[in-house]
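Each chain, written out:
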Amino acid sequence: AQSVTQLGSHVSVSEGALVLLRCNYSSSVPPYLFWYVQYPNQGLQLLLKYTTGATLVKGINGFEAEFKKSETSFHLTKPSAHMSDAAEYFCAVMNSGGYQKVTFGTGTKLQVIP
Amino acid sequence: GAVVSQHPSRVICKSGTSVKIECRSLDFQATTMFWYRQFPKKSLMLMATSNEGSKATYEQGVEKDKFLINHASLTLSTLTVTSAHPEDSSFYICSARVFGEGPNTEAFFGQGTRLTVV
């Protein structure tokens, strides 16, 4: 079984401030982890993913995330928020073997205040 | 990255009618596609897994006779909401998987379809 917990359904930051969106997962096998962004009435766009190798992963639009096995976490960060970052962000986990079903967190809506 | 096209992006239908949503992988072959439903302010709920040339696998609680899935080719899967009711109004998203190991594993999503049943 696998699950994802995103702490905070809404996060507000000032423009230029650090963005930190939290994600914790559980998985019975080594996980693949993803962050997706969704703009209103649109599908999901992949921001970044961790599968194997380096635990600090860099993605598009200046986002990065670090896989911490000991903490079962995969938090998303960006040093300086931009107005265009306002969207909903989903963390997701996929088992590295077998069925490869993707399980999503409940999402975090990021608001950027000018 | 790979492109998944979903059509229509928005549809309004009358209660009791059926609606078909298409999901196409434009530049790759997808033996497996996934259909999700997203409720307002909630996460994506996997409805079913669509396998080319075979029956779809539905998640627990999803009515297979109401949500008909057909995966007739390696690039097309369709979801038909039959006898739609207002409670079926939602945002439906399809996903296609590029299978591989490690870095080659990735899911691509369509743009979503906003269904409103009146």
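Residues numbered from 1 in each chain as written. Chains lettered and ligands numbered in written order. Predicted model: local features only at pLDDT ≥ 70, side-chain atom pairs only at ≥ 80, totals over all residues. Heavy atoms only, no water.

**Brief notes about the interface of chain B and chain A**
On the chain A side, the residues contacting the 26 residues of chain B number 21 residues. Buried area between chain B and chain A, summed over both chains or domains, comes out near 1900 Å², and the portion from carbon and sulfur atoms is 49%. If you look at where chain B meets chain A, you find zero salt bridges. Remark: the boundary between chain B and chain A carries two residue pairs in polar contact (both at pLDDT 80 or more). Looking at the side of chain B that touches chain A, the elements that each hand over two or more residues are β4 (32-38), β5 (44-51), β9 (90-98) and β10 (106-109) of chain B. When grouped by side-chain class, the residues that make up the side of chain B that touches chain A number ten nonpolar, nine polar and seven charged. (Contact = heavy atoms within 4.5 Å. Buried area = accessible area lost by both parts, 1.4 Å probe. Salt bridge = Lys/Arg side-chain N within 4 Å of Asp/Glu carboxyl O. Polar contact = N/O pair within 3.5 Å; in protein donor to acceptor, adjacent residues only side chain to side chain. Helix = DSSP H or I, 4+ residues; strand = E, 2+ residues; numbered from the N terminus. Nonpolar A, V, L, I, M, F, W, Y, C, P; charged D, E, K, R; others polar.)

**As for the environment of Q111 of chain A**
Residue and element names in this part refer to chain A. With respect to the helices and strands, the residue Q111 is situated in strand β12 (residues 108-113). The class of Q111 is partly exposed, set by a relative accessible area of 46%. Apart from residues lying up to four places away in sequence, Q111 is in contact with V11, S12 and V13. There is a polar contact of 2.8 Å between the side chain of Q111 and the side chain of S12. (Buried < 20%, exposed > 50% of the residue type's maximum accessible area, 1.4 Å probe, protein only.)

**Quick word on the state of the cysteines**
Residues and elements named next belong to chain B. A full pass over the atoms with the stated rule returns two disulfides over all chains. Here C23 is linked by a disulfide to C94, with a sulfur-sulfur distance of 2.0 Å. Judged by the sign of its S-S torsion, about 80 degrees, the cystine formed by C23 and C94 is right-handed. Here C94 lies in strand β9 and C23 lies in strand β3 (residues 19-25), a separation of 71 residues in the sequence. Grouping residues by exposure puts C23 and C94 together as buried. Of all cysteine sulfurs in the structure, the one in C94 sits closest to C13, which takes part in no disulfide; the separation is 18 Å. (Disulfide = S-S within 2.5 Å.)

**Here we look at the sheet that holds strand β1 (residues 4-7) of chain B**
Strand pairs in the sheet, formed through backbone hydrogen bonds, run parallel or antiparallel to each other. Residue and element names in this part refer to chain B. The sheet built from four strands is open, its strands ordered β1-β3-β8-β7 with antiparallel pairing. Because the sheet does not close on itself, it has two edges, and the strands there are β1 and β7 (67-73). On average, each strand axis in the sheet is tilted by 15 degrees relative to the strand beside it, whichever way the strands run. (Pairing = 2+ DSSP bridges. Axes fitted to C-alpha atoms, helices over the stretch in contact; angles between N-to-C directions.)

**Notes on the packing of aromatic side chains**
Inspection of every chain in the model, using the stated rule, returns eleven aromatic pairs over all chains. Centre to centre, the rings of Y36 of chain A and F104 of chain A are 5.9 Å apart; their planes meet at 50 degrees, and the pair counts as tilted. Placement of the pair is Y36 of chain A in strand β5 (residues 31-38) and F104 of chain A in strand β11 (residues 102-104), with a sequence separation of 68 residues. Overall, F104 of chain A belongs to the buried group, its relative accessible area being 8%. Considering the side-chain rings of F104 of chain A and Y36 of chain B, the 5.4 Å spacing of their centres and the 90 degrees angle between planes classify their relative orientation as edge-to-face. Pair noted here: F104 of chain A is in strand β11 and Y36 of chain B is in strand β4, and the two residues belong to different chains. On the accessibility criterion, Y36 of chain B (2% relative accessible area) is buried. A network of ring pairs unites the aromatic residues F34, Y36 and F104 of chain A together with Y36 and F109 of chain B as a single cluster. (Phe/Tyr/Trp six-rings, centres within 6.5 Å; stacked < 30°, edge-to-face > 60°.)

**Describing the pattern of salt bridges**
Applying the stated criterion across every chain, the model contains four salt bridges over all chains. Where D85 of chain A meets K78 of chain A, a salt bridge forms, and the shortest distance between an N and an O atom there is 2.8 Å. Here the two residues D85 of chain A and K78 of chain A agree in accessibility, since each one is buried. Taking the shortest distance from any N to any O, the salt bridge between R24 of chain B and E22 of chain B comes out at 3.5 Å. R24 of chain B gets classed as partly exposed once you look at its relative accessible area, which sits at 34%.

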